[in-house]
Amino acid sequence: MRRAVLGVGRAAAWRIRAGAESGQQRQRSPPLSPVPAPPPPAFRFVSRPGPAGSESETVEQSPPQSPGPGKAGDAPNRRSGHVRGARVLSPPGRRAHLSSPGPSSSSEAREELRRRLRELIERSRVMIFSKSYCPHSTRVKELFSSLGVECNVLELDQVDDGAKIQEVLSEITNQKTVPNVFVNKVHVGGCDQTFQAYQSGLLQKLLEEESAYDYDLIIVGGGSGGLSCAKEAAILGKKVMVLDFVVPSPQGTSWGLGGTCVNVGCIPKKLMHQAALLGQALCDSRKFGWEYDQQVKHNWETMTKAIQNHISSLNWGYRLSLREKAVAYVNSYGEFVEHHKIKATNKKGQETYYTAAQFVIATGERPRYLGIQGDKEYCITSDDLFSLPYCPGKTLVVGASYVALECAGFLAGFGLDVTVMVRSILLRGFDQEMAEKVGSYMEQHGVKFLRKFIPVMIQQLEKGSPGKLKVLAKSTEGTETIEGVYNTVLLAIGRDSCTRKIGLEKIGVKINEKSGKIPVNDVEQTSVPYVYAVGDILEGRPELTPVAIQSGKLLARRLFGASLEKIYHTLFWPLEWTVAGRENNTCYAKIICNKLDHDRVIGFHILGPNAGEVTQGFAAAMKCGLTKQLLDDTIGIHPTCGEVGNRRF
């Protein structure tokens, strides 16, 4: 068993050292300097005879180079602990201390400490953060000793900065207790988790040589959360792969890289909403003096072609961004086959296998079907609507979710005959007073509602683009049945997590059997220590794009260490301007921060649409002491111009 030491000199920070050392001097360097200089050592490992011919190792302090600042008569401070016969002594006099050298802010010192802890974890096959008097820590150390596995151990009660180290460890792992165990860079957890991993055989798998893995990180799913995590991990120097494959919908619809939001969610939905608003603006314009004689009508094909062209440009942009960051992108379906190993199947059925030290599941969700006769054969979902090659005509929207009501709203805005069939209430989970006001407003603007009914059968009356469908529905409160004929039936009754057909059961990742969602802890770790998850598939988390983006980025930083790079100004392109072909480099946002006051925001500037409304919100935050960190930690409302302050700075 080896003791890991985090030591510093008086004028400069010592690099983290672990492992046996001879009489050679340790290397030290200023923060962030890649070229170390050779000062005298702070501590060293000394091999001593152990039981049955083995060796134990004791941490000793090297001879001091100059007298310290201690008072005359100070007694040496020495503690001891035992692990299977190996006696460990803390250094006499001044104990090991970790801090940033010279005058620097507390945030910089904390970041330097985080960097050194990461370095220690990454260099160690097994790293245990322990306390010498903790019985749970002793159990874990004895477990690895019984397995004949050499560990690096840092006794937090025997270093001056133990409390600070434990604080930073808590930020990295969200675990406040000891022991805190890492195996080949994977955070296993505490005593109970380590023994559970041992009993399941996972610990032995983790102890295998990491160099055998093809990648540091493989992300399954190329949506908002997965791409955010992949790019951040690559920025932090890791070898990363993204596996992404869209299984076509029952109507044959598929799309490119970027996930639901970009291809069949937020982006096309808002663009269609914008198209409907322009129609309303035309009606309003007469009251503002605009005169026109020709009849104005909407062309569905022109709109969808422009929207799909914009989405294709985003797909290409994502691929280019991954390429620039050296992230491997593979358009194949990922399925776990064993621990640390995944099978990738492309559209031709060709299979390739890859391994990785860690995985992130970011597979998202797909629309749910009714499970009745004719639903998958004749109905469409949001997967199909935004690229539908023909105008849907008279439309029945089944469902009362926000997806259902948003789609019904913009379809009615195009002048289509739209009916919404509601099983129970509008917008379940939302404030019901607000939900009913939404429904009332929609009714006033031409949307019809069939309440307390559910479809039981869909029949095709005529083929075509669109054709004709007969819908048979029954009451949820009695025996009444109704029929209706529509050109298009759009299902928006919820979404199911894409977790049941990716081999999670083969590696022991637990899912909620009812919902398919994955339970995770506060750091997005699943029941298997080296597997994490982000996005809509998480149990009990908001299903929102900005949440997934932020979660993916923060997960990568927790796994691989935070970057110090900061950007305080940016150009942006409002979504409403994209399809219209307006300039993409004229909108601009900038913040000014006081570096001497924790990066408090003292100035905010924005040039773009709705600047007044955006600025008003930031003004209130600035009055309350907004800082750059708080701004970075805030999740934006997507897609809006206001979110530029949370995603781009």
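Before reading further, recall that the structure is shown in the block above.
Analysis parameters
Residues numbered from 1 in each chain as written. Predicted model: local features only at pLDDT ≥ 70, side-chain atom pairs only at ≥ 80, totals over all residues. Heavy atoms only, no water. Helix = DSSP H or I, 4+ residues; strand = E, 2+ residues; numbered from the N terminus. Contact = heavy atoms within 4.5 Å. Areas by Shrake-Rupley, 256 points an atom, 1.4 Å probe, with all protein chains shown as cover. Axes fitted to C-alpha atoms, helices over the stretch in contact; angles between N-to-C directions. Parallel < 35°, antiparallel > 145°, perpendicular 65-115°, else oblique. Left-handed = near helix turned anticlockwise from the far one by under 90°. Nonpolar A, V, L, I, M, F, W, Y, C, P; charged D, E, K, R; others polar. Pairing = 2+ DSSP bridges. Buried < 20%, exposed > 50% of the residue type's maximum accessible area, 1.4 Å probe, protein only. Polar contact = N/O pair within 3.5 Å; in protein donor to acceptor, adjacent residues only side chain to side chain. Salt bridge = Lys/Arg side-chain N within 4 Å of Asp/Glu carboxyl O. Core = buried A, V, L, I, M, F, W, Y, C linked by side-chain atoms within 4.5 Å. Domains from an automatic or database assignment.

*Asks:* How should I be thinking about the overall build of the protein in this particular structure?
*Replies:* The helix and strand tally for the protein stands at 19 helices and 28 strands. Considering only residue pairs separated by 6 or more positions, the protein has 59% of its internal contacts joining residues 24 or more positions apart. Total accessible area on the protein stands at roughly 31900 Å², and carbon and sulfur atoms take up 51% of it.

*Asks:* Is there a simple way to think about the packing of helix α2 (residues 135–146) against helix α4 (residues 191–200) in this case?
*Replies:* Angle between the axes and distance between the axes are the two parameters that describe a pair of packed helices. Where α2 contacts α4, the two axes come as close as 9 Å, and the packing angle between them is 25 degrees. Classed by the angle they form, the pair α2 and α4 counts as roughly parallel. Along this stretch, α2 crosses α4, giving a crossing that reads as left-handed. Contacts between α2 and α4 involve H136, R139, V140, L143 and F144 on the former and, on the latter, C191, T194, F195 and Y198. Split by residue class, the contact of α2 with α4 holds six nonpolar, two polar and one charged.

*Asks:* Just checking my understanding: could you explain the sheet that holds strand β18 (residues 418–422) for this structure?
*Replies:* Sheet strands associate in pairs through backbone hydrogen bonding, adopting either a parallel or an antiparallel arrangement. The four strands lie next to each other as β19-β18-β17-β23, forming an open sheet whose pairing is parallel. Unpaired on one side and paired on the other, β19 (448–451) and β23 (488–491) mark the two borders of the sheet. Shown here is a sheet whose adjacent strand axes are inclined to one another by a mean of 20 degrees, direction ignored. When strand β17 (residues 395–398) meets β23, the two strands line up parallel, connected through four bridges. Residue pairing for β23: L396 is matched across the bridge by V489. Sitting on the sheet, helix α12 (residues 402–413) is in contact with β17, β18, β19 and β23, with an inclination near 165 degrees to β18.

*Asks:* Just to check I follow, could you spell out the side chain of H340 for this structure?
*Replies:* On the secondary structure map, H340 appears in the loop between β13 (333–338) and β14 (341–345). When its relative accessible area of 2% is taken as the criterion, H340 is described as buried. Among the polar contacts listed, one links the side chain of H340 to the side chain of Y213, at a separation of 3.4 Å. In this structure H340 touches K205, L206, Y213, Y354, T355, A356, A357, F359 and Y530, once residues within four positions along its chain are discounted.

*Asks:* Would you take a moment to explain the sheet that holds strand β21 (residues 468–475) for this structure?
*Replies:* Strand order in the open sheet made by the three strands is β20-β21-β22, with antiparallel pairing throughout. Both outer strands of the open sheet, β20 (453–462) and β22 (481–486), are each paired with one neighbouring strand and no more. Strand-to-strand twist of the sheet, defined as the mean angle between neighbouring strand axes without regard to direction, takes the value 20 degrees. One ladder, built from six bridges, connects β21 with β22; its direction is antiparallel.

*Asks:* I keep staring at the pattern of salt bridges and nothing clicks. Help me out?
*Replies:* On inspection of all chains with the given rule, the structure shows 25 salt bridges. The shortest N-O distance in the salt bridge between R110 and E167 comes to 2.8 Å. Of this pair, R110 sits in helix α1 (residues 106–123) while E167 sits in helix α3 (residues 162–173), placing them 57 residues apart in sequence. The class of R110 is partly exposed, set by a relative accessible area of 30%. With relative accessibility at 42%, the residue E167 sits in the partly exposed group. The residue E513 makes a salt bridge to R500 at a minimum N-O spacing of 3.8 Å.

*Asks:* I would appreciate a short explanation of the nonpolar core in the present structure.
*Replies:* Most often, soluble globular proteins keep nonpolar side chains buried together rather than apart. Residues F144, V183, I218, I361, I518 and Y530 are the most contacted members of the largest nonpolar core, which totals 45 residues. With four residues, the single largest contributor to this core is strand β15 (residues 351–361). Looking at which domains feed residues into this core, each of domain 1 (109–208) and domain 2 (215–367 + 497–560) gives three or more. Look past the residues within four positions of Y530 in its chain and what remains in contact with it is V186, L202, L206, H339, H340, A357, Q358, F359 and I507.

*Asks:* For this particular structure, what's the right way to read the pairing of β15?
*Replies:* Along any regular strand the residues' side chains alternate between the sheet's two faces. By the criterion of burial, β15 is predominantly enclosed, with eight of the eleven residues buried. Bridging between strand β10 (residues 215–220) and β15 involves five bridges; their strand directions are parallel. Bridge pairing in β15 places V220 opposite I361. Pairing geometry for β15 and strand β25 (residues 531–533), over three bridges, is parallel. Residue pairing for β25: F359 is matched across the bridge by V531.

*Asks:* Honestly, the environment of A233 in this entry has me stumped. Any pointers?
*Replies:* Residue placement: A233 occurs in helix α6 (residues 224–235). Leaving out residues up to four positions away in the same chain, A233 has contacts with L217, K238, V240, A556 and F560.

*Asks:* How do you make sense of the pairing of strand β6 (residues 126–130) when you look at a structure like this?
*Replies:* With five of its five residues buried, β6 lies for the most part within the structure. Here four bridges tie β6 to strand β8 (residues 180–183), and the two strands are oriented antiparallel to one another. Note that in β8 the partner of F129 across the bridge is N180. Relative to strand β7 (residues 152–155), β6 runs parallel, the two being bridged by four bridges. Following the sheet pairing, F129 is matched in β7 by L154.

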